[in-house]
Amino acid sequence: MIDQATLEKYELVVGLEVHSQLTTASKIFASDPTTFGEDPNVNISAITLALPGTLPKVNKGVIESSIKMGLACNCRISEYQFFDRKNYFYPDLPKGYQTTQDKTPICIGGHVDVVTKNGDPFTVVLNRIHMEEDAGKSTHLEGSPDTLVDLNRAGVPLMEIVTEPCIHDSAVAAAFVGEIRKTVRYLGIGDGNMEEGSLRCDANVSVRLKGSTELGEKCEIKNMNSMRNIQKAIEYEMQRQIQLIEKGEEIISETRTFNVDTGKTYGMRTKETLNDYRYFPCPDLPPMIVKQELVEKIKAEMPSLPAELIKKFTSEYKLPEYDARLLTEAKDSAQYFEELCSSTKNYKAASNWMMGPLKSLLNETGGDFDAFPIRPKQVAEMIALVDAKKVSFAAASQNLLKALASKPEVSVEGLAKELDLIQDSGDDFLLPLIDEAIAKFPDKAKAYKKGKKNLLGLFMGEVMKMAKGKADPQKTNQLLREALEK
């Protein structure tokens, strides 16, 4: 480990490349399906296998999805563009080259605003977003010299989001990837599933002395598949490079991999330069013209994105920013909350129910708000019952909610009556219970009168237990104080 004083001499510099598979039904240049989890080498065709005489054709859905992402990331959409060939050989890419975009990416520039888990805001500047095809998957069996190749993934459409080397904190890098994952899910253009590899991140990491403007020698950490691993890999690599510099050793520009078990990065191969790839325009694909009318049409059809919804939830619904950020973490929860707010004006209560009882029930049962059996209007009815003091929040959240989940077709108030949850705040109901609770603890009652006011909670708990959730807490508290102070 490096001591803090040495660490503070250096500045971390990170640029990210995030690859997101697009959820189109077919591949980027062929009609092969893109379904995940099929048997090896079934989602292939003559085009995927690059057989002689085959010609690719661009999937229009890939272009439209990339434009959506570009608009969401404040990019400029290129009007004129073409695909290039990136030449390198791997056994999981039958053509011996990758069809990608080099000179004319579909989206240029842009930025993404992020907030770390600690609440620190940062603007990540983008260099570009471009389209390309994915490679297949190689499997190396332990103890065997053979490599198995599955080409189902070869040709699956990818969108690569490339940042400038502007990130100086591993937490910002993790937050950026989280924001990208959230955005592709909101737009409906990717599932953002990092476990299955449909969202992957490469990090270009270098360090330099603070105050220096010259970039250090970078190493690229490949294919990280979780925000936590991204942060850990960057932090380890930063310390590794600082240690080399402090020892007077050279940093070799190379591609590295991150081992989750050891928490360390390991060298894989020296890094290729752009010249090694020998980019040139793909002769099999004609140039494309993206008309402004298409961009405007896509823009008009785009859904509200998290930043816009956070602004709406804090200004229109008067929620704290913390609530707004949690509610917009996923598209299904944001939509559910908006529908809930159309049936109640108690927006803060709606937020509390979403983040508390409803989220807890979802965690128990699995799934998401899209498939939640209780509809927003029914939650609004529960909020109304609690606000009217007909049902206590405890009874509604613990008893009524679970019962409603198994009988979502019944009336909410009718179910509350059936479960005997309707509160009774009348003196005739509460006073006998209060007298019984005080009689049960005579010594505590005397101690209360002598000044131990914190004992009130003991009596409240006893009364509420005997009332089986039917006592109005506010009225009970008032009557209990009066009875104890006689």
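Source: prediction; values computed, not measured. (Residues numbered from 1 in each chain as written. Predicted model: local features only at pLDDT ≥ 70, side-chain atom pairs only at ≥ 80, totals over all residues. Heavy atoms only, no water.)

Asks: Help me understand the packing of aromatic side chains, please; the structure alone is not making it clear to me.
Replies: Two numbers describe a pair of aromatic rings. These are the distance of the centres and the angle of the planes. In this structure the tally under the stated criterion is 12 aromatic pairs. Each ring, one from Tyr-336 and one from Phe-369, has its centre 4.9 Å from the other, and the planes form 45 degrees; the classification is tilted. Residue Tyr-336 is located in helix 9 (residues 331-341), and its partner Phe-369 is located in the loop between helix 10 (347-365) and helix 11 (376-387); the two are separated by 33 residues in the primary sequence. The pair Tyr-336 / Phe-369 is uniform in exposure class, with both members buried. (Phe/Tyr/Trp six-rings, centres within 6.5 Å; stacked < 30°, edge-to-face > 60°. Helix = DSSP H or I, 4+ residues; strand = E, 2+ residues; numbered from the N terminus. Buried < 20%, exposed > 50% of the residue type's maximum accessible area, 1.4 Å probe, protein only.)

Asks: For this particular structure, what's the right way to read the nonpolar core?
Replies: Generally speaking, a soluble globular protein has its nonpolar side chains buried in company with each other. Counting residues in hydrophobic clusters, the biggest one holds 103 residues, and the most contacted among them are Met-69 and Phe-176. Of the residues forming this core, the biggest block, 9 residues, is contributed by helix 3 (residues 170-187). Discounting chain neighbours no more than four positions away, the residues touching Met-69 are Ile-129, Met-159, Ile-161, Ile-180, Thr-183, Val-184, Leu-187 and Ile-189. Within the second largest apolar cluster, 19 residues are counted, among which are Leu-430, Leu-455, Ala-471 and Leu-480. (Core = buried A, V, L, I, M, F, W, Y, C linked by side-chain atoms within 4.5 Å. Contact = heavy atoms within 4.5 Å.)

Asks: Explanation requested: the pattern of salt bridges in the structure shown.
Replies: Should their charged atoms come close, side chains of opposite charge can pair. Enumeration over the complete set of coordinates arrives at 22 salt bridges. Among the ionic pairs, Arg-256 bridges to Glu-254, the shortest N-O distance being 2.4 Å. The same class applies to Arg-256 and to Glu-254, which are both buried. Residues Lys-390 and Glu-413 are paired through a salt bridge, measuring 3.4 Å at the closest nitrogen-oxygen approach. One end of the pair, Lys-390, is in the loop between helix 11 and helix 12 (393-406); the other, Glu-413, is in helix 13 (residues 412-418), and 23 residues separate them in sequence. On the basis of relative accessible area, Lys-390 is assigned to the partly exposed category, the value being 36%. Look at Glu-413 and you get partly exposed, because its relative accessible area is 29%. (Salt bridge = Lys/Arg side-chain N within 4 Å of Asp/Glu carboxyl O.)

Asks: Hey, could you run me through the pairing of strand 14 (residues 254-259) in this one?
Replies: A regular strand places its side chains so that they alternate between the two faces of the sheet. Sheet topology places strand 13 (residues 219-224) next to strand 14; 3 bridges connect them, and they run parallel. In the sheet register, Ile-221 faces strand 14, and the bridge partner there is Arg-256. Crossover handedness for the path strand 13 to helix 4 (residues 227-246) to strand 14: left-handed. The pairing of strand 14 with strand 15 (residues 264-270) spans 6 bridges and is classified as antiparallel. Within strand 15, the residue paired with Glu-254 across the bridge is Thr-270. In sequence, strand 14 turns back onto strand 15 through a hairpin of 4 residues, with Gly-263 there showing a positive phi of about 75 degrees. (Pairing = 2+ DSSP bridges. Right-handed = clockwise from strand over helix to strand, strands pointing away.)

Asks: Could you clarify how one ought to interpret the pairing of strand 10 (residues 147-150) in this entry?
Replies: Where strand 9 (residues 137-140) and strand 10 come together, 4 bridges link them in antiparallel fashion. Within strand 10, the residue paired with His-140 across the bridge is Thr-147. Here strand 9 folds back onto strand 10 in antiparallel fashion, the turn holding 6 residues, of which Gly-143 has a positive phi close to 85 degrees.

Asks: Would you explain the side chain of Asp-202 in this entry?
Replies: Locating Asp-202 in the fold gives a position in strand 12 (residues 199-209). In terms of polar contacts, Asp-202 uses its side chain to reach the side chain of Lys-222, at 3.1 Å. Contact partners of Asp-202, with chain neighbours within four places excluded, come to Gly-15, Leu-16, Glu-17, His-19, Glu-220, Ile-221, Lys-222, Asn-223 and Met-224. (Polar contact = N/O pair within 3.5 Å; in protein donor to acceptor, adjacent residues only side chain to side chain.)

Asks: Even after reading the chapter, I still don't get the environment of Asp-169, so can you show me in this structure?
Replies: Locating Asp-169 in the fold gives a position in the loop between strand 11 (157-163) and helix 3. With 155 residues separating them along the chain, Asp-169 and Val-14 place their C-alpha atoms 8.0 Å apart. Within the local environment of Asp-169, its side chain forms a polar contact with the backbone nitrogen of Ala-171, the two atoms lying 2.8 Å apart.

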